[in-house]
Amino acid sequence: MSTALEAASDGWVVTKRNLLKIKRVPDLVIFSTIQPIMFVLLFAYVFGGAIATPGINYREFLIPGIFVQTVAFGAGITAIGLADDLQKGIVDRFRSLPMSRGAVLFGRTSSDLINNVFTVIVMSVTGVIVGWRINEGFLRGVAGFAILFLFAYAMSWISAVIGLSVKSVEVAQSAGFIWMFPLTFLSNAFVPTSSLPSALRPIAEWNPISSVVLALRELWGNAPAGAANGTGFPAQHPIWLAIGWCLLILVIFVPLSISRYRRAASR
Amino acid sequence: MANAIIAEQLGKTYGSVTAVVGLDLVVPEGTVLGLLGPNGAGKTTTVRMLTTLITPTSGRCEVGGIDVCAHPDKVRRIIGVSGQYAAVDDYLTGQENLEMVGRLYHLGKRRARQRAKELLEQFELTDAADRPAKTYSGGMRRRLDLAGALVVQPPVIFLDEPTTGLDPRSRLGMWGVISDLVKAGSTLLLTTQYLEEADRLCDDIVVIDHGRAIAQGTAAELKGQMGGEKLAVAVGDRSELVPAADVLRSVGVDEPEIDEQAREVTVHIERGTAALVEAVRKLDAAEITPTNLEIRKPTLDDVFLTLTGQPAEEQPGGTQ
Ligand SMILES: Nc1ncnc2c1ncn2[C@@H]1O[C@H](COP(=O)(O)OP(=O)(O)O)[C@@H](O)[C@H]1O
Ligand SMILES: [Mg+2]
């Protein structure tokens, strides 16, 4: 077998192993399903009437925001999974095998991506039930999901660095998520940036989360009219900016995680 | 005969903590080396250096003729490792755990499945093959972990405290498994805190303390250094201590020691049970009825007492 094939096979073996755990602990699946449904319902019905989104129903506006927030938190699982493997010595076992270096990380981020895809399917169904629609046709619909999953995957790699740095499940449980609150709330995910205090507006507009959310809204026809989308470059080129952010995250965090992995394991 | 494992002046420091220093090891092919030492002596650190898991801060090591630091990938192909804490995946079944390891050695799907079955059979885990490892007892986990180290029948095997924490029955089972490996011709490096275990399994023993080798030899040689086995006689009344000592003097090989407090006399002996029988006979003739009579085998504590003048104790950090 060539090295590339071996690496892919190793990654797949680790992915399958991680997915088996999800199957064996169904509570995980149940909660990762209930949470997004709850979010969709809470935001749609509690805030639905209070937030002005000119030209578009708030629920349609909201769903891409909830999607992005949920996959970001879903990516936080990567930190916990890796910290767990380090803590339990499984990584030592892996590292004493002649397997490819990145397999543990690619396997982990892949299984977490699959988990996120599942969550998005559940949320999409819930979204359709509460009135969300993709208004711009099949291809743009698919493109939107592609960007959403690219973003989810990129976030997993940030999460991987955190998991490898903290090395304990307990710490990963908070450190893996805490930074996501300001990140997702200082964005256009739940409210139009135009309604934010003016000091925060530029931050929110340049926030990668906002770019991804806006890209989805544009592709799916869920965007409000005019200034509610924000202003300037991020508002004009959300799709390319979203892709750019994701690639930038990957370019930085994939090599960083791999080098962290080597060091974390060879303390 | 070639050497399967060589360490030269191997050392590892963590900040101000010296975990291992100036360690030399030579393990000829097909033999078993025991690394004997108390908690914190540096056993795990040594195993982790030899198995590519950590990089030494000084010295060098070779496994199967391959320089470990220069070609860790090549070394990983020829070693099997079972770490101090069983690294099995709780959520996978025994079969799945071993199949995964087989796949990661690039055995191919069918071969990996087949090999997992064989190993489960060999380690008497077939009945539990389809249960998640979470439900296994300590001894079963340990065996599963060891099986994971043997998937590709590696020529060099490292076992870090393979029996620590096991109940006596599981320990015996593990000894059986290890003896079989040795018979099959593998080279083994195992660590332990028990002299008895090293005696039972190892051709050669290196005693380490504070990261340094403080003695080396076969179990017999080490015991010889300590004067070997002791015969201990406890008596009901203090007045019997001196007559008992007189008896033991004629049976043992050195001057008997009297412990007034414990009402006990001990002496080093060479001929084991023969000395015991002789002592019984002579004690009887002297009309002394012991409350206890036993042969004491030297323990790690005795080794340490002899070598360092201090009992083996947990060492919080080998700062030197
Ligand atoms: N990662 C580490 N960081 C700091 N000190 C360590 C580390 N690993 C081991 N040590 C120290 O090195 C010494 C030897 O440890 P170890 O090799 O685990 O001993 P053993 O396996 O014989 O019980 C101990 O004093 C331990 O505290
Ligand atoms: Mg240890």
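Residues numbered from 1 in each chain as written. Chains lettered and ligands numbered in written order. Predicted model: local features only at pLDDT ≥ 70, side-chain atom pairs only at ≥ 80, totals over all residues. Heavy atoms only, no water.

## A look at the pairing of strand β6 (residues 79-82) of chain B
Residues and elements named next belong to chain B. Our working definition: Think of it in three bands: with a 1.4 Å probe and only protein chains considered, a residue is buried below 20% of the maximum accessible area for its type, exposed above 50%, and partly exposed in between. The helix and strand labels rest on DSSP assignments: H or I over at least four residues marks a helix, E over at least two residues marks a strand, and numbering proceeds from the N terminus. Two strands qualify as a pair provided DSSP detects at least 2 bridges between them.
Burial along β6 is two-sided: I79 and V81 and G80 and S82, pointing in opposite directions, are all buried. Taken together, the four bridges between β6 and strand β7 (residues 156-160) define a ladder with parallel strand orientation. Within β7, the position partnered with S82 by the bridge is L159.

## Structural notes on the confidence of the model for chain B
Put simply, the rule reads: By definition, pLDDT measures how confident the predictor is in each residue, and it falls between 0 and 100.
Chain-level pLDDT for chain B is 88 on average; 95% of the residues reach the 70-or-more range. On the interface metric, ipTM, the complex scores 0.86, and its pTM is 0.82.

## Observations regarding the sheet that holds strand β4 (residues 58-63) of chain B
Residue and element names in this part refer to chain B. Taken in spatial order, the four strands line up as β2-β1-β4-β5 in an open sheet, and their pairing is antiparallel. The open sheet has two edge strands with one neighbour each: β2 (17-28) and β5 (66-67). Of the strand pairs in this sheet, strand β1 (residues 3-14) and β4 are connected by five bridges, and their pairing is antiparallel. Bridge assignment links A7 to a residue of β4, and that residue is C61.

## Some thoughts on the confidence of the model for chain A
Across chain A, the average pLDDT comes to 90, with 99% of residues at or above 70. Taken element by element, the predicted model of chain A shows its lowest mean pLDDT in helix α2 (residues 26-47) of chain A (83) and its highest in helix α7 (residues 138-166) of chain A (96).

## Looking at the pattern of salt bridges
Should the charged atoms of two oppositely charged side chains come close, the side chains can pair. All names here are of chain B. What counts, and what does not: Any Lys or Arg side-chain nitrogen located within 4 Å of an Asp or Glu carboxyl oxygen qualifies as a salt bridge.
If you walk through the whole model with that rule in mind, you get 25 salt bridges over all chains. A salt bridge links R60 to D67; the shortest N-O distance between them is 3.4 Å. Here D67 falls in the partly exposed class, since its relative accessible area comes to 23%. E294 is the salt-bridge partner of R296, the closest N and O atoms lying 2.7 Å from each other. A relative accessible area of 31% means that R296 is categorised as partly exposed. Note on E294: relative accessible area 28%, which makes it partly exposed.

## Here we look at the interface of chain A and chain B
How big an interface is tends to be stated in terms of accessible area lost as the parts join. To keep it simple, the criterion reads: Whether two residues are in contact is decided by their heavy atoms: any pair within 4.5 Å suffices. The term buried area denotes the loss of accessible surface (1.4 Å probe radius) that occurs when two parts are joined, taken as the sum for both partners. A 3.5 Å cut-off defines polar contacts: any pair of N or O atoms within that distance qualifies, except that in protein one atom must be a possible hydrogen donor and the other a possible acceptor, and neighbouring residues in sequence count only when both atoms are side-chain atoms. Any residue outside Ala, Val, Leu, Ile, Met, Phe, Trp, Tyr, Cys, Pro, Asp, Glu, Lys and Arg is labelled polar, Gly included; the first ten of those are nonpolar and the last four are charged.
Contacts between the two partners involve 27 residues from chain A, matched on the other side by 27 residues from chain B. Across the chain A/chain B interface, buried area totals approximately 2,600 Å², and carbon plus sulfur atoms make up 56% of it. Contact with chain B buries surface across chain A, with R24, R93 and P98 of chain A losing the most and accounting together for 25% of the total. Viewed at the interface, chain B and chain A are joined by four salt bridges. Taking the shortest distance from any N to any O, the salt bridge between D92 of chain A and R48 of chain B comes out at 2.4 Å. Linking chain A with chain B are ten residue pairs in polar contact (both at pLDDT 80 or more), by the criterion used here. Mapped onto the side of chain A that touches chain B, the elements with two or more residues apiece are α1 (3-24) and α5 (90-95) of chain A. Of the residues in the side of chain A that touches chain B, the class split is eleven nonpolar, four polar and twelve charged.

## Focus: the packing of aromatic side chains
Here is the rule: Pairing of aromatic side chains here covers Phe, Tyr and the six-membered ring of Trp, requires ring centres within 6.5 Å, and sorts the geometry by plane angle: under 30 degrees stacked, over 60 edge-to-face, intermediate tilted. Put simply, a charge is over a ring when the Lys NZ or the Arg CZ is close to the ring centre, within 6 Å, and near the line of the ring normal, within 35 degrees.
By the definition in use, this model includes 15 aromatic pairs over all chains. Between Y153 of chain A and W157 of chain A, the aromatic rings sit 6.2 Å apart at their centres with planes inclined by 80 degrees, giving edge-to-face as the arrangement. Placement of both Y153 of chain A and W157 of chain A in helix α7 is noted, with a separation of four residues, approximately one turn of the helix. For the pair formed by Y153 of chain A and W157 of chain A, the shared burial category is buried. These aromatic residues form a ring-pair network of at least three members: F67, W132, F145, F149 and W220 of chain A. R217 of chain A extends its terminal NZ or CZ atom over the ring of F61 of chain A, reaching a point 3.5 Å from the ring centre. One cation-aromatic arrangement involves R171 of chain B over Y194 of chain B; the distance from NZ or CZ to the ring centre is 4.5 Å.

## Structural notes on the coordination of the magnesium ion (ligand 2)
Condition: Nitrogen, oxygen and sulfur within 2.8 Å of a metal are treated as its donors, or within 3.2 Å for sodium, potassium and calcium (Na, K, Ca); water is not counted, so a site can appear incomplete.
Protein coordination of the magnesium ion (ligand 2) is provided by T44 of chain B (OG1) and Q84 of chain B (OE1), with donor distances spanning 1.9 to 2.1 Å. Here the residue T44 of chain B occupies a position in helix α1 (residues 43-50), and Q84 of chain B occupies one in the loop between β6 and α3 (94-104), the gap between them amounting to 40 residues.

## What to know about the packing of α3 of chain B against helix α4 (residues 109-122) of chain B
A packed helix pair is summarised by two numbers, namely the angle formed by the two axes and the spacing between the axes. Residue and element names in this part refer to chain B. Note the threshold: Convention adopted: a line fitted to C-alpha atoms gives each axis, helices being fitted over their contacting stretch, and angles between N-to-C directions are expressed from 0 to 180 degrees. Each angle receives one of four descriptions, namely roughly parallel if under 35 degrees, roughly antiparallel if over 145, roughly perpendicular if within 65 to 115, and oblique otherwise. By convention, the crossing between two helices is left-handed when the near helix turns anticlockwise from the far helix through less than a right angle, and right-handed when the turn is clockwise.
Packing of α3 against α4 leaves a shortest axis separation of 8 Å and a crossing angle of 130 degrees. With respect to α4, the axis of α3 lies oblique. For the crossing formed where α3 meets α4, the hand is right-handed. Packed against α3, whose contacting residues are G94, Q95, L98, E99, G102 and R103, the element α4 presents K109, A112, R113, A116, K117, L119 and L120 at the interface. Here the contact of α3 with α4 is composed, by residue class, of five nonpolar, three polar and five charged.

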